[in-house]
Each structure stands twice: as C-alpha cells, then as structure tokens.
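# Structural description and commentary
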Amino acid sequence: MARLTSELLRPLDAAQAIDEAALLRYAAEHVAGFPSPALGFVLTQFGHGQSNPTYCLEVSAPGGEARRYVLRKKPPGVILQSAHAVEREFQVFKALGTHTDVPVPKVFCLCTDASLIGTPFYIMEYLEGLIYPDNKLTGVTPTKRRTIYLAAAETLAAIHKVDVAAIGLQKYGRRDNYCKRQVERWERQYLSSTGEGKPARYQKMLDLAYWLKEHIPDEDSSTGFGTGLVHGDYRVDNLIFHPTEDRVIGVLDWELSTLGNQMCDVAYSCLPYIIDATPTESNSYGGFEYTGIPDGIPLLEEYLTAYCSLSARPWPAANWKFYIAFSLFRGASIYAGVYHRWTMGNASGGERARFAGKIANAMVDCAWDFISRENVLRKQPAMGIHVSKASWQEFHGEREGLILKNNQGKFVPSEKVMQLQKKLMKFMEDHIYPMENEFYKLAQSTSRWTIHPEEEKIKALAKREGLWNLFIPLDSAARARELLFEDRSHASPGSTDELLLGAGLTNLEYGYLCEIMGRSIWAPQIFNCGAPDTGNMEVLLRYGTKEQQKQWLIPLLEGNIRSGFAMTEPQVASSDATNIECSISRQGDSYVINGTKWWTSGAMDPRCQILILMGKTDFSAPKHKQQSMILVNINTPGVKIRRPLLVFGFDDAPHGHAEITFENVCVPATNILLGEGRGFEIAQGRLGPGRLHHCMRLIGVAERGMNLMVERALSRITFGKRIAQHGSFLSDLAKCRIELEQARLLVLEAADQLDRHGNKNARGILAMAKVAAPNMALKVLDMAMQVHGAAGLSSDTVLSHLWATSRTLRIADGPDEVHLGTIAKLELQRARM
Ligand SMILES: Cc1cc2nc3c(=O)[nH]c(=O)nc-3n(C[C@H](O)[C@H](O)[C@H](O)COP(=O)(O)OP(=O)(O)OC[C@H]3O[C@@H](n4cnc5c(N)ncnc54)[C@H](O)[C@@H]3O)c2cc1C
C-alpha cells in the first residue's frame, strides 16, 4: 500500500533526540528562507529505513505558514567506518539536483561539525509524495504496479547515464575493480559486525566472500562502458513518486553511492524477484519467483529489458549469477550491521532491526542456492521477450503526456544525443567539409578509383572519437558485443572494440545524427555509416552464422573492408524482386551462381570485398520462397565487374555503381544466409532501417541546400537588390522550410514507430517517409540551384551532386510508386476494418 511521506512520520525516539535549539539556530543561519524566528517547531522522525536517522522539521513562519524540511544525520554511537556517509549523500544530491534531471530533493546545507547535534547532518527539501514500502505493491492496481516498476527502471537508467565528469563527480569514487573492492569492503564490515562478543558469524557468508572473489567479472577491471554513478541501494522503496502521476520525484538514500560497476545496482534492484527481505519473523524469505509474481509487476526479464534499452546497456546474462550473489552478499553484510547496532541499542529502524540477523543469513543461503542453479538468465533477451507492447504504450503514452505538459515536445533529443550532435557537427566542420574539394579532385582524376589517403586517417579519428557505427541499433549491439568479446581475450568493454558497437542508440536517436552526416556525400562512410554497408552489417548481425560474422562482419564493423548488395538486374523489372533471375544452384558443398547484376553500389570501391547477392535457389517454389541471399567474395573467379554506371554523369568514384556478371561463380554452401528460400525474409529486415537512413540523410541534404541557398541569396545582388530582398525568393524559401520540417517530422515519427512497433507494423509510415524525403530534398535543392543561377548547375558547388543523388532515391530502394502502393493499400485496409 502506498504511503504518503507525511504518513511515515512518527514521534521522536527518545534515544535519538537532538539539541533542537542548536539545530534551529544553525538552520536559520544556513537554510535560505528558513522561518526565523520560528514560531512553532515540531521535530518528528521517519519510521521507514534502518540506517541514517532522518527527521522532519516542521517550522511555522511568522505568517502562520508551516514549512517542512528533512534532516538526515549519522546514527549516534560507535559506527562502522565509511558507512553512513551523509557528507557524500549531500555531495551527490547537490551535483544531481543542480546539473541533471535525475529526480532528487534539493539540499540546503551540510553541517560537518559533530558537536552541534552529535553527528554531522544535512538539511534538504521535504518532498510530499508516495512511497511504496512493500515491493510487492500490495493494494496497488496491476496497471499501476507495472508503471511503477518501469518508472523505477527508467530512473535507474537515468542515474546510470549521468556524465559524472560533467557534473563534478569524477572523483566521487574509483571506477575500476569496483566489485573486487566492494566484496572486500562488505566482508570487512561483516567481520566487524560479527564474531566474539557480537552476533554469531555465519561460515557460509565467509565462503560466499571467497566464491565472489574467485568469480569477479572481467568487466570489473574496466574503466569505461558500464561504469559510472552507482546508487548503491536502489530499490522501489527508496523512491518517492508524485502523489498523482506515477513518476519518480525523488531518489533517496544515497549513502552508499559511489562510482563503479553499475550492473551491481541493477542486480540489487532485482532482488525482490529473488528474495523477500522484509524484516519479519517469517521463516521463508522467497522472492517473486518463489511466491509468484504479483499481477502487473513486469517479469524480471521485462524489467531488465526496459532498463537495458533505456540505458543502452548490454544484456547482463554473462555475469548475472555473480551480480545477484554479490547483491545478496552485500545485503547480508548490511543487515548484519543493522542487527549488530540493534544489539547495541542504536539501530534507527527500531524493533524491526531485531529480524535483521535472520534475514542476513537467509540472504547468504539464497545466494548459495542461486549460485548452484544451472540457468539464471537467458543468454540474451529472446526476440519475443520485451515489455509487452500495451504496457510500453501505456507507459510511454503517460510519459509523453508528461513531457508535453513540461513543454518539451515529443521529438526532443536526449542529452546524450545532443552531445553527440555537437560532437558530430564539430567533426564535420573540422574534418569533412574542408576536405570535400580534395576528395572531389581525386574522384575526377584518372586515379578516381583509389582512396584518398586522408580519408582513412579521418575515419580512424572518427572511430577514436566514438563517432563510429552509430547506426547499430540497441538490440543488434547486444548481439555484436557477444560476438566481438567471445573469443577475444584482449577485448573487453571499454577497449577500442567497444567503440565498434556504436553508442547504443535507438533508430530515432540515430535519426538526429544520421541527418547531420547526410549533409556531405562523403561523410556517412567516414563514420562507417554509409550505404550499403550499414544494411549489409545489419543482415550479417541478424541473420549471419557465427562463422559468417567472424569472416565478414567484424572487418566491416572495423571499417577495414566495404561491401555491396547485388539484387537489381538489367533485364528484369527489379522493383518487383520476384522477377530476379540470377540462379544460385546447389552443387555438392557449393553453390554456383550465374547471372548479371547492375547498380551494385560500392562494388567499384577498392576496399569492397564482399557482396550479398540475391538470386533464386528454386525456380519452382512458391513465388516468395524462390529467392535466397548468399555471400560472395568479390574476388571469386567468375565475378567480373563490367563497368561503372553513371548517374547524370556522376560515377560516384571511388564508391561507384557496378554492372557485374557472375559466370559459374562457385562459393561454399556455408555462404548461404539463413537458408534457401529465405531471401525475402531477409530483405524485409534489411530494408526498413536502411531505407530510413536514406531519408534521414536526405533531411541533411536539404538542410545543406537551405544553407547554401540562404548564403547565396544574402550575398548576390540582382537588379539592385540582394536576392534575399526579392519577394518571390522569400515565399519560395519559406515554402522550402515548411516542406523540410514536415518531412523531418515524418522521418522522426517513422524512426520512432520502427523502434516501438518493428519493421512490419511501421511499414506504412516508412513508405511515407521514403516518398516524402527525396521529393522534398529535390524541391529544396532545385530552388537552391535556381538561386545560384548557372553556378548551381555546375560542379563548382555540391548542389548538383546532391540533387543527382537525391533523385536516385525516388527509384533506388524501391520506386515511389511501389511505396505509394503500400500506403494506399493500408489506407484501404483501414477503411474496410
Ligand atoms: C544510384 C543507384 C544505386 C542503386 N544501388 C543499388 C544497389 O546497391 N543494389 C541493388 O541491388 N540495386 C541498386 N539500385 C537499383 C534500384 O534498387 C532499382 O533501380 C529499383 O529497385 C528499381 O528497379 P528497376 O530499375 O529495375 O526499375 P523497374 O522495376 O523496371 O521499374 C521502373 C519504373 O516502373 C514503375 N513502377 C514499378 N513498379 C510500379 C508499381 N507497382 N506501380 C506503378 N509503377 C511502378 C516506376 O515508375 C519505376 O520507376 C540502385 C539504383 C540507383 C539509381
């Protein structure tokens, strides 16, 4: 049952009385706006919580208005060293409250002078809201339960995404070897709370410490990914929710916070699934997995999926046993400390603390039981396991509602994305725009099919700066991580390999960044985000076997090779891929390929090594089961590049679009992707995000066109006026802006729907974006060229090349008409429903 903050107040415990007069004097001096003189003063205590005594100061101001403040102090008496660090709590509250959106109460002052009220203390804002002391959320509706747990996962993700250096907490703790140091610390604490003259020591706890030390996860030594701000005691009952809105307004109890391995927080927050550590006389402390999960509370895997996707963290299966066992161990040590204090008469939680010793031992037993289990968590979230659509929609619907109420808008990039945007724009300014002319010069020379030496250097720089493979969606990154770190003992999170996995972005988040890359023809591939490589990497990630991935995906992720996608054929209408005629026939342990492909983009690039080819393995199978996709090493005998094709005279060197013949090209049978007859299935998966990337880039193309158009209009004088002063220009410019913004919103919406509903369900909006974006870009570029006069049609500006490329996108990846057909079909279906 939810309790209002005020309902948790109880009369002051005589053992914890403090010098009220001294406190009032201090508060009047140090808390801005503190009523002085205080006409009435009531000091009460919070009954919930076992550690640092927490008080409510209710002060009446001269006008009669009562104000509440919260005071938190160390417990009296002899206490364990380094525990109850209210100074650190104050520091973290201050940093988070001042610089981030993590919900925490505002802090007013810290008093380190123990002589004033017996121990150091701080005073903070009183938050009236709802606290759920019982993690089963008894008396709460199932829908609300779900929202509360998802909000908890969201808030934990927000804490973990905090850039500690940016808020002055970079020295708040050591990040490396967190688990190792924590095991040692809590073992020491346990030893000092138990033993001779103290509560009895439990041998299995000491054995557990030993086991944990032997099983410290490799990632613990890292200083990079997955380390950062750790709350240290993250539980639903340490959160204050808004009285009516089911959102977190305050995260409390930061006394154990530090920097370190954040997965420890996550596992700790999952303990209710494993154990019920409510201090009672109970004999069984079984968690949800034992008692059954209360209706509405998400499954453990749903909760974890929510956290992982919101925080962009990998699925924690590999070391889950350790993290849960460690959380139980740490919990046991804390409870042993509480119990010891109770035996000495100074536990702030009062009588409930007498059960703490029993719970401590139950936690140790539970940890051993967990360790002995064969399977504790799926290797990765199964495709079907995610927070059910309805609850996400509900949750996000509510969130969106709240966001709109806060006037932030639906499509506002997160802080993380804004930082990446800034970094990306600066990179474009510093390294890409200045090189464009150089790149063009080489691409028009007789050495056109070679790579400019600067290009690879800039790529290396982009990789180092973390602007690499940003297109990789969250779920694919988890799979790639598993692959990358599987056999490579040198590779660990935080190493350069981690940079290959992108930044854990959703399609929507990537949209804001891909748009920026689109502003230059040369940019996408510098960030390893160019077509067709991105689509091909997605195919290999989703459908490749381990061997295929090792051979081709890793070098592609590293940017060491490039790739092509060979589907279109000159002799058949390829917008309908069922027409494809290239044959892929099985002969023993090989497949033999015969056919002609054209418009295979990227195949002219000297770095291109691998083609994903679509052809027919069975001409007699049902129409959509005839096609298969197969990997073809471009150097296989029989693969002949016939010519580069030109787009309005541009050959797009050194990338190029090739016509290629395949004459008895023999490749190993293991090169087939997913299996014979699965080509359409793969195409569906490949084309959704890939098509949208084109749209995102087209928004950037149009922005570049707008910039150039405005610059020209402001500087060029015709008939005595700047072009910008001619009325016709103004209305054309305004119309361009309107169209651009419409298209941008459509593209972002499509990306958001792709994230939330998947490829198939988002196909309508994807088709709309695919038609709208190139048509809009063409209009804007056409106008920009018009404003430039003849120069706009020349190759002296980037406009003509951008226009030519944009024009291809009304055909490439499916002609407009096909997408319009999709949209119309869905529209008619809706009408029939
Ligand atoms: C620059 C560029 C790069 C490309 N890169 C690649 C690549 O890397 N790999 C690859 O495999 N292919 C690539 N393509 C090829 C592209 O995917 C095909 O051109 C496209 O799928 C259309 O096929 P098609 O050219 O055979 O046209 P067709 O199928 O012959 O269609 C011609 C026209 O028919 C009309 N039409 C078609 N279907 C319908 C319909 N349902 N309703 C009404 N009208 C219709 C449209 O006007 C369409 O433009 C590229 C093309 C270009 C221009």
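Residues numbered from 1 in each chain as written. Predicted model: local features only at pLDDT ≥ 70, side-chain atom pairs only at ≥ 80, totals over all residues. Heavy atoms only, no water.

With an unreviewed UniProt entry as reference, the protein chain is termed Acyl-CoA dehydrogenase family member 11, source organism Zizania palustris. Checking UniProt for the protein chain, the heading Sequence similarities (unreviewed entry) contains the comment "Belongs to the acyl-CoA dehydrogenase family." (UniProt positions renumbered as here; feature names shortened; annotations may be inferred.)

Attention now moves to the sheet that holds strand 7 (residues 121-125). Taken in spatial order, the six strands make up an open sheet running 2-3-4-5-7-6, and their pairing is antiparallel. Edge positions in the open sheet fall to strand 2 (9-10) and strand 6 (107-111), since each of these has one partner strand only. Two elements, strand 2 and strand 3 (residues 40-46), share two bridges in a ladder whose sense is antiparallel. Following the sheet pairing, R10 is matched in strand 3 by Q45. Packed onto the sheet, helix 2 (residues 86-99) meets strand 5 (66-73), strand 6 and strand 7 and runs at close to 155 degrees relative to strand 6. (Pairing = 2+ DSSP bridges. Helix = DSSP H or I, 4+ residues; strand = E, 2+ residues; numbered from the N terminus. Contact = heavy atoms within 4.5 Å. Axes fitted to C-alpha atoms, helices over the stretch in contact; angles between N-to-C directions.)

Attention shifts here to the nonpolar core. Ranked by size, the top nonpolar core spans 125 residues in total, and within it F527, I593, V632, L692 and M709 carry the most contacts. Excluding anything up to four places from it in sequence, V632 contacts I593, Q609, I610, L611, L613, V639, F662, V665 and V667. Grouped together as the second largest cluster of nonpolar side chains are 108 residues, V107, A153, Y190 and Y335 included. (Core = buried A, V, L, I, M, F, W, Y, C linked by side-chain atoms within 4.5 Å. Buried < 20%, exposed > 50% of the residue type's maximum accessible area, 1.4 Å probe, protein only.)

In the vicinity of the ligand, 19 residues are found, and the nearest of them are F565, T568, S575, W599 and E817. Between the ligand and F565 there is a distance of 2.7 Å, counted from a nitrogen atom to a backbone nitrogen or oxygen. For the ligand, a nitrogen atom lies 2.9 Å from a polar atom in the backbone of W599. Protein burial of the ligand: of its 980 Å² of free accessible surface, 67% is covered by the chains. At the level of elements, strand 15 (590-601) and helix 26 (816-832) are the ones that each hand at least two residues to the shell around the ligand. Here the shell around the ligand gets three residues from one element, more than from any other, and that element is strand 15. Grouping the constituent residues of the shell around the ligand by class yields ten nonpolar, seven polar and two charged. (Near = heavy atom within 4 Å. Polar contact = N/O pair within 3.5 Å; in protein donor to acceptor, adjacent residues only side chain to side chain. Areas by Shrake-Rupley, 256 points an atom, 1.4 Å probe, with all protein chains shown as cover. Nonpolar A, V, L, I, M, F, W, Y, C, P; charged D, E, K, R; others polar.)

Quick look at the packing of aromatic side chains now. Taken as a whole and assessed by the stated rule, the structure comprises 19 aromatic pairs. Ring geometry for F322 and F326: centres 6.0 Å apart, planes at 5 degrees, overall stacked. One end of the pair is F322 and the other is F326, both in helix 10 (residues 320-344) and four residues apart, which spans about a single turn. Residue F326 is classed as buried on the basis of its relative accessible area of 1%. (Phe/Tyr/Trp six-rings, centres within 6.5 Å; stacked < 30°, edge-to-face > 60°.)

A complete count under the given rule lists 44 salt bridges for this structure. When the shortest N-O distance is used, the salt bridge between K74 and E87 registers 3.5 Å. Highlighted residues: K74 in the loop between strand 5 and helix 2 and E87 in helix 2, separated in sequence by 13 residues. The exposure class of K74 is buried, given its relative accessible area of 16%. With a relative accessible area of 26%, E87 lands in the partly exposed category. Salt-bridge contacts for R704 lead to E436; the nearest nitrogen and oxygen are separated by 2.8 Å. One end of the pair, R704, is in helix 21 (residues 679-715); the other, E436, is in helix 14 (residues 436-443), with 268 residues separating them in the sequence. When its relative accessible area of 13% is taken as the criterion, R704 is described as buried. One salt-bridge network, held together by shared partners, links E455, E456, K459, D533, R562, D605 and R607. (Salt bridge = Lys/Arg side-chain N within 4 Å of Asp/Glu carboxyl O.)

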